[in-house]
Structures are given as structure tokens and as C-alpha cells.
Amino acid sequence: MTLLTRTGTIIEAPERSRTTDRKLRIAFIGARGVVGTYSGIETYYEGVGSRLAARGHSVTAYCRRYFTPDLESYRGVRVRRLPTVRTKHLETISHSFLATLDVLFRRYDIVQYHALGSACLAVLPRLVGKTTVVSVRGLDWQRPKWGALARAVLRAVPVRLAARLRRPEAGDGGDGL
């Protein structure tokens, strides 16, 4: 496969198989939960999670206890309900922190963090050899519900951590594109 990097360099990259027989163990962290969509992250948990499970992968959604009914699984996705501190500024990070601690002691191939609020925790599973992915679907620091300090933290911390932790792809010149 021929690729063009951001700097204009042409490289040859090996073909990657789109299918594999290996079944992955995947953890989702950062949403409120499943059953009843509140936002795009919950929709993702349910939609993508159920499709991955249908393909034979083991998917676990870390959910907030108050938001998700007491279920073992939902649409093929395992549900792990954990507590959280229910305040505007601490809810996401406290729940994501507990989920991250749990993930450290379980066998997952991929740990996917959803949204900026939990992204700064992606470093922890990576330190013990787990592959981490951070998915951001919105720039939280641009949302009017946050004060100046919260916006500054949401803008600076996850972005800087992600840049430091990123593993450049072969031939991308280190810029990821």
C-alpha cells in the first residue's frame, strides 16, 4: 500500500488484514452507561459495542451505577456498574478513575476512553502494557457549562498527555498524519 505522509513523503506500508480470527477483550470508559441514551457516547457504547460483541469480541462497558440498571449485560456488552461522585466537576473523573483501577487488574487488549474528561487517565493502563485509545467527539472546553478553570484543565491536560503518549505510526514523521 502506498501512503503519502503530511510532509509529502511517499512510503510503502505493508497491507493490513481487515479481518482476524483473534477475539479482542475491549473496555469502554467514560460514558454514563447503557440502556437509555443520554449522549453520543452512550449511543456509541450500545451501537459499536453490540456490533463488536456480535463479531465475537468481549466488550465491557464501565457504567455509572445510578444511570444503568442492574444488568449483567446489554445487547451482548458486559456491564460493570461502579459508583461515582455525583457533582458537575467530579462525576466523570471519579468514575473513570475507579474504572481505570479496575481495568489495571483485568485482562483487556484495548482500553478505550471516551471524551476529554477521562482522557488524562489513559496513561495508567498504558504503563502496564495495555493498548489505550482516546476518542473525543466534542471539545468540552468550548461548552458554556464549564467555568474558566474547568475549561483550562479540559483543554490543556488531556491534549498534552495524549501528545506525549502517542505512538507514531511507521512513516508518519511523528505527527500522526
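Each remark here, short or long, concerns the structure printed above.
Residues numbered from 1 in each chain as written. Predicted model: local features only at pLDDT ≥ 70, side-chain atom pairs only at ≥ 80, totals over all residues. Heavy atoms only, no water.

**Concerning the pairing of strand β4 (residues 58-64)**
Moving on, step 1. Most of β4 is tucked away: seven of the seven residues are buried.
Moving on, step 2. Covered by surrounding structure in β4 are Ser 58, Thr 60, Tyr 62 and Arg 64 together with Val 59, Ala 61 and Cys 63, the residues of both alternating faces.
Moving on, step 3. Here strand β3 (residues 25-29) runs beside β4; their pairing, made up of four bridges, is parallel. Opposite Arg 25, over in β4, you have Ser 58 as the bridge partner.
Moving on, step 4. Where β4 meets strand β6 (residues 77-82), five bridges bridge the pair, whose relative direction is parallel. Opposite Tyr 62, over in β6, you have Arg 80 as the bridge partner. (Buried < 20%, exposed > 50% of the residue type's maximum accessible area, 1.4 Å probe, protein only. Helix = DSSP H or I, 4+ residues; strand = E, 2+ residues; numbered from the N terminus. Pairing = 2+ DSSP bridges.)

**Regarding the environment of Thr 131**
Moving on, step 1. Of note, Thr 131 is situated in strand β8 (residues 131-135).
Moving on, step 2. Of the residues examined, Thr 131 reaches a relative accessible area of 35% and is grouped as partly exposed.
Moving on, step 3. C-alpha of Thr 131 to C-alpha of Ile 110: the two residues are 21 residues apart in sequence and 4.9 Å apart in space.
Moving on, step 4. For Thr 131, the residues in contact, after removing those within four places along its chain, are Asp 109, Ile 110 and Val 111. (Contact = heavy atoms within 4.5 Å.)

**A few points about the side chain of Thr 60**
Moving on, step 1. Its place among the elements puts Thr 60 in strand β4.
Moving on, step 2. One polar contact links Thr 60 to Tyr 108, side chain to side chain, over a distance of 3.2 Å. (Polar contact = N/O pair within 3.5 Å; in protein donor to acceptor, adjacent residues only side chain to side chain.)

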